[in-house]
Amino acid sequence: FYIIFWALVFVSSIILLGYRKDKNLNKVDVIQIVFIYCVTYLILTYIGGIAVGYYKNLYSLNFIKIIENIFPLLILIILEELVRYNIISKDANKFVIFLLIMLFVSFDILTQYNAYNLSTPSGIFELIGYLILPSIITNALLTFMTEKSGYLPSITYRIILELYIYLVPIIPDYGVYIQSLLNIIFPLIMFLKINTIYAKETYKARTPKRFVSIIITIPLMCILIALVGLISGVFSYYMMAIASNSMVPTFSRGDAVIVQKIKTSEIENIEVGDIIVYYHDQKMIVH
């Protein structure tokens, strides 16, 4: 159904706008950069999995199953990026580009939102952090690359990052929060790298501003990483929100508390009067 939909959109765009052949001279250089950065990113995330662990891939690695999983998605990726290119190549203004990005983001949301439990705050947070924000940033990157370099770099980017999951037996278990951060940061890095190809002189002229920007950005990124680490529960300490007033006056609903993880051997050290966090009926209770 999705393939038919995007095929119809592509044909309609050709009828309404015509088709301009991709003659961009920089696409080979950009494809090389995209390939190197994407492969390096995957290698580093898998190395980082040594620290956080891995989980078994649920997709079958049988050759026939791999083809069945990859082939439709490959066609879908090509059709979507051809649609993006055909609209962008007609000297689209900023408003049209914005609408184009929102079209792809809306499509991602409509096709994937049912994977999230929207009846819980955590489910809504995961939808925003794991799907909506990365989709906006990624589609902005793909639109930028298509405008500057044609459709081949965008297709290369998506093939590497979206199809590899059908070929590997294990996947790094970073959890929703850290994976969300990675899905946001990597497209930004790609944007900054590719942008330097087309704006070297501009970057040289703005070196002082870039230096100030770096000084401001590094501390902000450190704070952001620390916050994500606290929220994700990867470290020995993590942060959580109080969901009720059952602990008033010690805690009120909406307060944030820092929780220290303890080992099984340390449970005997818990004393009457200690405030603990435990699971009950699939909920985290603080008492």
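These numbers were taken from a predicted model, which means no experiment stands behind them.

Enquirer: Quick question: what am I supposed to make of the packing of helix α2 (residues 27-52) against helix α6 (residues 152-163) here?
Expert: The geometry of a pair of packed helices is captured by two quantities: the angle between their axes and the separation between those axes. Between α2 and α6, the shortest axis-to-axis distance is 9 Å and the interhelical angle comes to 15°. By the angle class used here, α2 and α6 are roughly parallel. Remark: the crossing between α2 and α6 carries right-handed chirality. Together, Lys27, Val30, Ile31, Val34, Phe35, Cys38, Tyr41 and Leu42 of α2 and Leu152, Pro153, Thr156, Tyr157, Ile160 and Leu161 of α6 make up the contact between the two elements. Of the residues assigned to the contact of α2 with α6, the class counts are 12 nonpolar, one polar and one charged.

Enquirer: Looking at this structure, how should I read a nonpolar patch on the surface?
Expert: The grouping of Ile43, Leu44, Ile47, Ile50, Tyr54 and Ile170 at the surface amounts to a nonpolar patch, some 600 Å² of accessible area in total. Of all the elements, α2 adds the most residues to the nonpolar patch, at four residues. The topology assignment puts Leu44 in helix α2. For Leu44, a relative accessible area of 55% puts it in the exposed group.

Enquirer: Teacher, can you tell me more about the environment of Phe144 here?
Expert: With respect to the helices and strands, the residue Phe144 is situated in helix α5 (residues 121-149). As for Phe144 and Ile88, which are separated by 56 residues in sequence, their C-alpha atoms are 9.3 Å apart.

Enquirer: Would you mind showing me how to read the nonpolar core here?
Expert: Generally speaking, soluble globular proteins have nonpolar side chains that are buried together. Trp6, Phe10, Ile70, Leu73, Tyr151, Leu163 and Tyr166 are the most contacted members of the largest nonpolar core, which has 22 residues in total. The set of elements that each furnish at least two residues to this core consists of α1 (2-17), α3 (63-88), α4 (94-112) and α6. When near neighbours in sequence (up to four residues on either side) are disregarded, Ile70 contacts Leu163, Tyr166 and Leu167. Core analysis: the second largest hydrophobic core is formed by 14 residues, Cys38, Tyr41, Tyr157 and Met190 among them.

Enquirer: I'm lost on the side chain of Lys27 in this one. Help?
Expert: Along the polypeptide, Lys27 turns up in helix α2. A relative accessible area of 18% places Lys27 in the buried class. In this structure Lys27 touches Asp22, Ser149, Leu152 and Pro153, once residues within four positions along its chain are discounted.

Enquirer: Could you clarify how one ought to interpret the pattern of salt bridges in this entry?
Expert: When charged atoms on two side chains of opposite charge get close, those side chains can pair. If you walk through the whole model with that rule in mind, you get five salt bridges. As a salt-bridge pair, Arg84 and Glu81 come within 2.8 Å of each other at their nearest N and O atoms. Taken together, the residues span about one helical turn, with Arg84 and Glu81 both in helix α3 at a distance of three residues. For Arg84, a relative accessible area of 0% corresponds to the buried category. Assessed through its relative accessible area of 0%, Glu81 is described here as buried. For Glu162, the salt bridge goes to Arg158, with nearest N and O atoms at 2.8 Å. Taken together, the residues span about one helical turn, with Glu162 and Arg158 both in helix α6 at a distance of four residues. You can call Arg158 buried: its relative accessible area is 9%.

Enquirer: In this structure, what is going on with α6? I would like to understand it.
Expert: Along an α-helix, residues three or four positions apart point the same way, because every turn accommodates 3.6 residues. In this model α6 runs 16 Å from its N-terminal to its C-terminal C-alpha over 12 residues, within 8% of the 16 Å that 1.5 Å per residue would give. Inspection of α6 places Pro153, Ser154, Ile155, Thr156, Tyr157, Arg158, Ile160 and Leu163 among the buried residues, and these make up the whole buried set. In the core, the buried residues of α6 are packed alongside α2, α3, α5 and α7 (175-198).

Enquirer: Help me out: how do you make sense of the pairing of strand β6 (residues 283-286) in this one?
Expert: Within a regular strand, the side chains alternate between the two sheet faces. Pairing analysis gives four bridges linking strand β5 (residues 277-280) to β6, with the strands arranged antiparallel. Bridging across to β6, Tyr278 finds its partner in Ile285. Taking the residues between adjacent antiparallel strands as the criterion, β5 and β6 are bridged by two residues, where Asp281 takes a positive phi near 55°.

Enquirer: Quick question: what am I supposed to make of the packing of aromatic side chains here?
Expert: The relative placement of two aromatic rings is captured by the distance of their centres and the angle of their planes. What the rule picks out here adds up to 15 aromatic pairs. Their ring planes at 75° and their centres at 5.2 Å tell us that Trp6 and Phe107 sit as a pair that is edge-to-face. Placement of the pair is Trp6 in helix α1 and Phe107 in helix α4, with a sequence separation of 101 residues. Like Trp6, the residue Phe107 is buried in the burial classification. Judged by centre distance (6.5 Å) and plane angle (80°), the ring pair of Tyr46 and Tyr164 falls under edge-to-face. Residue Tyr46 is located in helix α2, and its partner Tyr164 is located in the loop between α6 and β2 (170-172); the two are separated by 118 residues in the primary sequence. The exposure class of Tyr46 is buried, given its relative accessible area of 18%. Among the residues examined, Tyr164 registers a relative accessible area of 22% and is labelled partly exposed. In this structure, Arg84 packs its charged tip against the face of Phe104, placed 4.0 Å from the ring centre.

Rules of the game
Residues numbered from 1 in each chain as written. Predicted model: local features only at pLDDT ≥ 70, side-chain atom pairs only at ≥ 80, totals over all residues. Heavy atoms only, no water. Axes fitted to C-alpha atoms, helices over the stretch in contact; angles between N-to-C directions. Helix = DSSP H or I, 4+ residues; strand = E, 2+ residues; numbered from the N terminus. Parallel < 35°, antiparallel > 145°, perpendicular 65-115°, else oblique. Left-handed = near helix turned anticlockwise from the far one by under 90°. Contact = heavy atoms within 4.5 Å. Nonpolar A, V, L, I, M, F, W, Y, C, P; charged D, E, K, R; others polar. Patch = residues over 30% accessible without salt bridge, like charges linked within 9 Å, V, L, I, M, F, W, Y side chains within 5 Å. Areas by Shrake-Rupley, 256 points an atom, 1.4 Å probe, with all protein chains shown as cover. Salt bridge = Lys/Arg side-chain N within 4 Å of Asp/Glu carboxyl O. Buried < 20%, exposed > 50% of the residue type's maximum accessible area, 1.4 Å probe, protein only. Core = buried A, V, L, I, M, F, W, Y, C linked by side-chain atoms within 4.5 Å. Expected span 1.5 Å × (residues − 1). Pairing = 2+ DSSP bridges. Phe/Tyr/Trp six-rings, centres within 6.5 Å; stacked < 30°, edge-to-face > 60°. Lys NZ or Arg CZ within 6 Å of the ring centre and 35° of its normal.

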